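Okay, here's what each chain looks like letter by letter:
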Amino acid sequence: MRVMIFGAGYSGKAIGQLLRGQGASVAGTTRSAEKGAALEAAGIEPFVFDGSSLTPELEAALKDVTHLVQSIAPGADGDPLVRLFGGQGLKSVMPKLEWVCYLSTVGVYGDHQGAWVDETSELKPVSVRSVERVEAEEAWQTLANREAIPLAILRLSGIYGPGRNTFMNLANGTARRLVKKDQVFNRIRVEDIAAATAFLAGPRTGGVFNVTDDEPSPPQDVVIEAARLMGMDAPPEQPFETADLTPMARSFYGENKRVSNAKIKALGFNFRYQNYHMSLAELLGSGRWNQKA
């Protein structure tokens, strides 16, 4: 298995490290040569990709890729890889390609007023970035169907893990306990994203899958639990309506839903970190909570 991860950031690096540990040859892209050193240290062969064109080195490496993971967010002009490969086709650039994984977001469901959603639920994106995700999903489905390549779309909830979590926010004084009536969010450990990707990559499984925990919860509850585990006082409650938030942060609270992960579980996948209680306890107990991301 020769894997190329476009956008090997927090999630992409975790995916690459796990697949490499399972015997795959893994490469990944970053926007600068300086950031490539971190990928190399993680055992991921680095390539620079500026989002608009392929270097000769990257183009040559793609000739041997069997598994493609796309982790770069779309923009107003769409998905960067669809723009690059859509006209000529994926296999003209990656002749050995057997499977594609597109990392999306549960934001595509939009607001369901706290109701449960699954992969068959109506997509009602609220924010501009979620609308762009829906368009990117559709573009990838068209591209993959045209060439009969299995495509797995992973809809991810709020990502956290070592070096990126509520403990970090508490430690640096940026944690906030925002309260909005009846608001819940799902979340997902980065290691479970990697494990789900590997689970689907082996048999080259296609389809749309929610990759998320079992317990959609009010965000303030997570802050309280993390503070309890650290032996700290939780920050005071702040009403969402009067809190000073960036437009992007405020927009997250405009989408309220409970996301089911039953579909990927039915295939036999087991989430290691099923809820934030056990996950936070493991992060703190292992000492990895402040590990460099």
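Refer to the structure printed above.
Cut-offs used in this document
- Residues numbered from 1 in each chain as written.
- Predicted model: local features only at pLDDT ≥ 70, side-chain atom pairs only at ≥ 80, totals over all residues.
- Heavy atoms only, no water.
- Helix = DSSP H or I, 4+ residues; strand = E, 2+ residues; numbered from the N terminus.
- Buried < 20%, exposed > 50% of the residue type's maximum accessible area, 1.4 Å probe, protein only.
- Lys, Arg positive; Asp, Glu negative; His and termini not counted.
- Salt bridge = Lys/Arg side-chain N within 4 Å of Asp/Glu carboxyl O.
- Contact = heavy atoms within 4.5 Å.
- Axes fitted to C-alpha atoms, helices over the stretch in contact; angles between N-to-C directions.
- Parallel < 35°, antiparallel > 145°, perpendicular 65-115°, else oblique.
- Left-handed = near helix turned anticlockwise from the far one by under 90°.
- Nonpolar A, V, L, I, M, F, W, Y, C, P; charged D, E, K, R; others polar.
- Polar contact = N/O pair within 3.5 Å; in protein donor to acceptor, adjacent residues only side chain to side chain.
- Core = buried A, V, L, I, M, F, W, Y, C linked by side-chain atoms within 4.5 Å.
- Expected span 1.5 Å × (residues − 1).
- 1 Å grid on protein atoms, 1.4 Å probe; cavity = no way out; pocket = protein on both sides within 12 Å on 5 of 7 lines; lining within 4 Å.
- Points joined across faces, edges and corners; volume = space filled by probe spheres on them.

*Asks:* Would you mind going over the side chain of Arg133 in detail, with residue names and values included?
*Replies:* Turning to its location among the elements, Arg133 is positioned in helix α6 (residues 128-146). At 6.4 Å, Asp79 is the nearest oppositely charged side chain to Arg133, a buried residue that forms no salt bridge. Discounting chain neighbours no more than four positions away, the residues touching Arg133 are Ile72, Ala73, Pro74, Tyr102, Leu103, Ser104, Thr105 and Val108.

*Asks:* Describe in detail the packing of helix α1 (residues 10-21) against helix α8 (residues 190-201), supporting the description with residues and values.
*Replies:* At a minimum axis separation of 8 Å, α1 and α8 run at an interaxial angle of 55°. Comparing the axis directions of α1 and α8 gives the class oblique. The hand of the α1/α8 crossing is right-handed. On the side of α1, the interface is formed by Tyr10, Ser11, Ala14, Ile15, Leu18 and Leu19, while α8 contributes Val190, Ile193, Ala194, Ala195, Thr197 and Ala198. Of the residues in the contact of α1 with α8, the class split is 10 nonpolar, 2 polar and no charged.

*Asks:* How would you sum up the environment of Gln238? Please name residues and give values.
*Replies:* Structurally, Gln238 can be placed in strand β12 (residues 237-239). Taking the C-alpha atoms as reference points, Gln238 and Arg177, 61 residues apart in sequence, are found 6.0 Å from one another. Not counting chain neighbours up to four residues away, the residues in contact with Gln238 comprise Arg176, Arg177, Leu178 and Val179. In this structure the side chain of Gln238 is engaged in a polar contact, spanning 3.1 Å, whose partner is the side chain of Arg176.

*Asks:* Pulling in residues and values, what's your account of the pattern of salt bridges?
*Replies:* Under the definition given, this model contains 14 salt bridges. A salt bridge links Glu45 to Arg2; its shortest N-O distance comes to 3.0 Å. Here Arg2 lies in strand β1 (residues 2-6) and Glu45 lies in strand β3 (residues 45-48), a separation of 43 residues in the sequence. Here the salt bridges do not stand alone but share partners, grouping Arg189, Glu191, Glu282 and Arg288 into one network.

*Asks:* An account of the nonpolar core is requested, with residue identities and associated values reported.
*Replies:* Ranked by size, the top nonpolar core spans 32 residues in total, and within it Ile15, Leu154 and Val211 carry the most contacts. Counting only elements with at least two residues in this core, the list comes to β1, α1, β5 (99-105), β7 (151-156), α8 and β11 (207-211). In terms of residues, this core owes the most to one element, α8, which gives 7 residues. Apart from the residues lying within four places of it in its own chain, the contact partners of Val211 are Leu154, Arg155, Leu156, Ser157, Ile188, Asp192, Ile193, Ala196 and Phe271.

*Asks:* Which residues make up helix α9 (residues 219-230), and what values do they have?
*Replies:* When the terminal C-alpha atoms of α9 are compared, their 17 Å separation across 12 residues agrees well with the 16 Å that a helix rising 1.5 Å per residue should span. Considered for burial, the residues of α9 that qualify are Pro219, Gln220, Val222, Val223, Glu225, Ala226 and Ala227. The inward-facing, buried residues of α9 abut α7 (166-172), β9 (177-179), β10 (187-189) and α12 (276-286). Positive phi shows up at Gly231, right after α9, with a value of about 70°.

*Asks:* Could you give me a rundown of the layout of surface pockets, with the residues and numbers involved?
*Replies:* Summary: where empty space remains is shown by rolling a probe the size of a single water molecule over the atoms. In this structure, the second largest pocket spans a volume of roughly 390 Å³. Along its surface, the second largest pocket is lined by 15 residues, and Lys13, Ala14, Gln17, Gln291 and Lys292 are the ones closest to its centre. The element that contributes the greatest number of residues to the lining of the second largest pocket is α1, accounting for 5 residues. In the lining of the second largest pocket, the residues fall into 9 nonpolar, 2 polar and 4 charged.

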